[in-house]
Amino acid sequence: LVLSQLTGCQLAQRGDDAAQTRYIERLRALPDLPDVMATWLRAEFGVEPTASADEVDAQDIRFEIDVALTPEAQLQVAQDATLFVFVRALHGPPMPLAVSRQALPQSWPVRVTLDDSMRMLENTSLASFDAWTVVARISRSGQAQAQSGDWQASVTLNEPPDGILDLTIEQQLP
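A short tour of the structure in this document, coming up.

On a plain count of helices and strands, the protein chain comes out with five helices and eight strands. Start at the N end of the protein chain and walk to the C end: the helices and strands fall as α-α-α-α-β-α-β-β-β-β-β-β-β. In the protein chain, buried positions account for 44% of the 174 residues. In the protein chain, the share of contacts with a sequence separation of at least 24, taken over all contacts with a separation of at least 6, comes to 59%. Split by element, the accessible area of the protein chain, about 9500 Å² in all, is 48% carbon and sulfur.

Okay, the packing of aromatic side chains next. Within the structure shown, the criterion is met by one aromatic pair. Taking the centre distance of 5.7 Å and the plane angle of 70° together, the rings of Phe63 and Trp132 count as edge-to-face. One end of the pair, Phe63, is in strand β1 (residues 63–69); the other, Trp132, is in strand β5 (residues 132–139), with 69 residues separating them in the sequence.

On to the environment of Arg88. Note on placement: Arg88 falls in strand β2 (residues 82–89). In this structure, the C-alpha to C-alpha distance between Arg88 and Ala131, residues 43 residues apart in sequence, is 8.8 Å.

We now examine the sheet that holds β1. Whether parallel or antiparallel, the strands of a sheet pair through hydrogen bonds between backbone atoms. As summarised here, the arrangement of the three strands in space is β4-β1-β7, forming an open sheet in which the pairing is mixed. The open sheet has two free edges, formed respectively by β4 (110–114) and β7 (164–169), since each of these has just one partner strand. Taken pair by pair, the neighbouring strands of this sheet meet at an average axis angle of 30°, ignoring direction. Relative to β7, β1 runs parallel, the two being bridged by six bridges. The residue bridging Leu69 from the neighbouring strand is Ile169, located in β7.

The rules we used
Residues numbered from 1 in each chain as written. Predicted model: local features only at pLDDT ≥ 70, side-chain atom pairs only at ≥ 80, totals over all residues. Heavy atoms only, no water. Helix = DSSP H or I, 4+ residues; strand = E, 2+ residues; numbered from the N terminus. Buried < 20%, exposed > 50% of the residue type's maximum accessible area, 1.4 Å probe, protein only. Contact = heavy atoms within 4.5 Å. Areas by Shrake-Rupley, 256 points an atom, 1.4 Å probe, with all protein chains shown as cover. Phe/Tyr/Trp six-rings, centres within 6.5 Å; stacked < 30°, edge-to-face > 60°. Pairing = 2+ DSSP bridges. Axes fitted to C-alpha atoms, helices over the stretch in contact; angles between N-to-C directions.

Below you can see the structure in the form of structure tokens.
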């Protein structure tokens, strides 16, 4: 609840009425919305929760990402490294919302799809947020946490993706 209130307040302070409206509509559509959240929506915005299974399915957000690697990075990346592709809320929990972990592909680019079936936080949907950061990282250690020497790319989106995202890994972490 506190995170939702803070996000709603941040959007209001920025004067981003369209983003605040989208955020409220996403909250309203959450399945099994806790009573305290429903009460907050009624008190603060005068709206009722609306979720039904059909509405939630219609609001599913999916990220399709074509991940590429620059020639320089291809020469320096060990073949036993691990590719992580994940999405996290721009204004939300630091933990990724959805993650893909895989061995490095034999050829680039590789397409990765992230959706709610890969979510990391129970009862949290990609559609619960209005802005996201998508990250592709090659980890030398096989660990998800960024480390010196890893390669990565990222992009921030302020609305749901419309089509395939192209992400080229070209930055090596210091």
